[in-house]
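Survey of secondary and tertiary structure
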Amino acid sequence: MHALRRKATLAALAVSAVLGTLAIPATAHADGVAATQIELCNDSPVQIRFWVKGYNQFNDWDDSPVWTANAHTCATGWNYWWKKNASVELHYKRGDAAWTWKQAYVPRTNSDRTTLRLS
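Residues numbered from 1 in each chain as written. Predicted model: local features only at pLDDT ≥ 70, side-chain atom pairs only at ≥ 80, totals over all residues. Heavy atoms only, no water.

Looking at the overall build of the protein
- Looking only at helices and strands, one finds 1 helix and 9 strands in the protein.
- Its helices and strands in sequence order give the protein the pattern α-β-β-β-β-β-β-β-β-β, from N to C terminus.
- The buried share of the protein, taken over its 119 residues, is 31%.
- A separation threshold of at least 6 residues defines the contact pool for the protein, and within that pool the share at least 24 residues apart is 61%.
- For the protein, the exposed area adds up to about 7700 Å²; of that, 56% sits on carbon and sulfur atoms. (Helix = DSSP H or I, 4+ residues; strand = E, 2+ residues; numbered from the N terminus. Buried < 20%, exposed > 50% of the residue type's maximum accessible area, 1.4 Å probe, protein only. Contact = heavy atoms within 4.5 Å. Areas by Shrake-Rupley, 256 points an atom, 1.4 Å probe, with all protein chains shown as cover.)

Some remarks on the packing of aromatic side chains
- Enumeration over the complete set of coordinates arrives at 4 aromatic pairs.
- Ring centres of Phe 50 and Trp 67 lie 5.7 Å apart, and the angle between their planes is 45°; this geometry places the pair in the tilted category. In this pair, Phe 50 is assigned in strand E2 (residues 48-55) and Trp 67 in strand E4 (residues 67-69), connecting sequence segments 17 residues apart. For the pair shown, Phe 50 and Trp 67 are each scored as buried.
- Each residue in the set Phe 50, Trp 67, Tyr 80 and Trp 82 is aromatic and connected to the rest through ring pairs, giving one cluster. (Phe/Tyr/Trp six-rings, centres within 6.5 Å; stacked < 30°, edge-to-face > 60°.)

Considerations on the nonpolar core
- One finds Leu 40, Phe 50, Val 52 and Leu 90 to be the most contacted residues of the largest nonpolar core, which totals 16 residues.
- Looking at this core, the elements that each hand over two or more residues are strand E1 (35-42), E2, E4, strand E7 (86-94), strand E8 (100-106) and strand E9 (113-118).
- Non-local contacts of Leu 40, meaning those with residues more than four positions away in its chain, are made with Ile 48, Phe 50, Ala 69, Thr 73, Cys 74, Ala 75, Leu 90, Leu 116 and Leu 118. (Core = buried A, V, L, I, M, F, W, Y, C linked by side-chain atoms within 4.5 Å.)

Brief notes about the side chain of Lys 93
- For Lys 93, the position within the fold is in strand E7.
- Comment: no salt bridge for buried Lys 93; closest opposite-charge side chain is Asp 96, at 5.6 Å.
- Residues within four places of Lys 93 in sequence aside, it is in contact with Gln 47, Ile 48, Arg 49, Ala 98 and Trp 99. (Lys, Arg positive; Asp, Glu negative; His and termini not counted. Salt bridge = Lys/Arg side-chain N within 4 Å of Asp/Glu carboxyl O.)

Examining the pattern of salt bridges
- Applying the stated criterion to the full structure yields 2 salt bridges.
- Residues Glu 39 and Arg 113 are paired through a salt bridge, measuring 3.5 Å at the closest nitrogen-oxygen approach. Of this pair, Glu 39 sits in strand E1 while Arg 113 sits in strand E9, and the two are 74 residues apart along the sequence.
- Given a relative accessible area of 35%, Arg 113 falls into the partly exposed group.

Some points on the confidence of the model for the protein
- Averaged over the protein, the pLDDT score is 84; the fraction of residues at 70 or greater is 72%.
- Every residue in residues 18-30 is under pLDDT 50, and counting partners more than four places away or in other chains gives 5 contacts. (pLDDT = per-residue confidence, 0-100.)

Section: unusual backbone geometry
- At Asn 59, a position not held by glycine, the phi torsion is positive, near 65°.
- Even without being glycine, His 72 reaches a positive phi, approximately 60°.
- Mapped onto the elements of the fold, His 72 is located in the loop between E4 and strand E5 (74-76).
- Exposure remark for His 72: the relative accessible area of 56% places this residue in the exposed category.

Structure follows, in structure tokens:
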């Protein structure tokens, strides 16, 4: 009887541990990983649409959705984290112009956000 109770208790603990882990919402930024979010500051008089491609916080080559930075404002690519001390591709278009891109460096800093500027 004692052995059966012990097995039932261990099984209940195992199930609780698994379900408890699944119930915890995951954050986009993993602690201890050198990653940052990209903020794009648009210094031009027209709206800029942009997206980022590069190595994420899991060291996977990935791309983001498209975000918008209105004229003379900044926009952050929320919930997408990019590896620090690495380059990313910044794809963008101004107003009705065609898409273009440039390489941008993401420095190693203590900040959770890296600001890139387009003028």
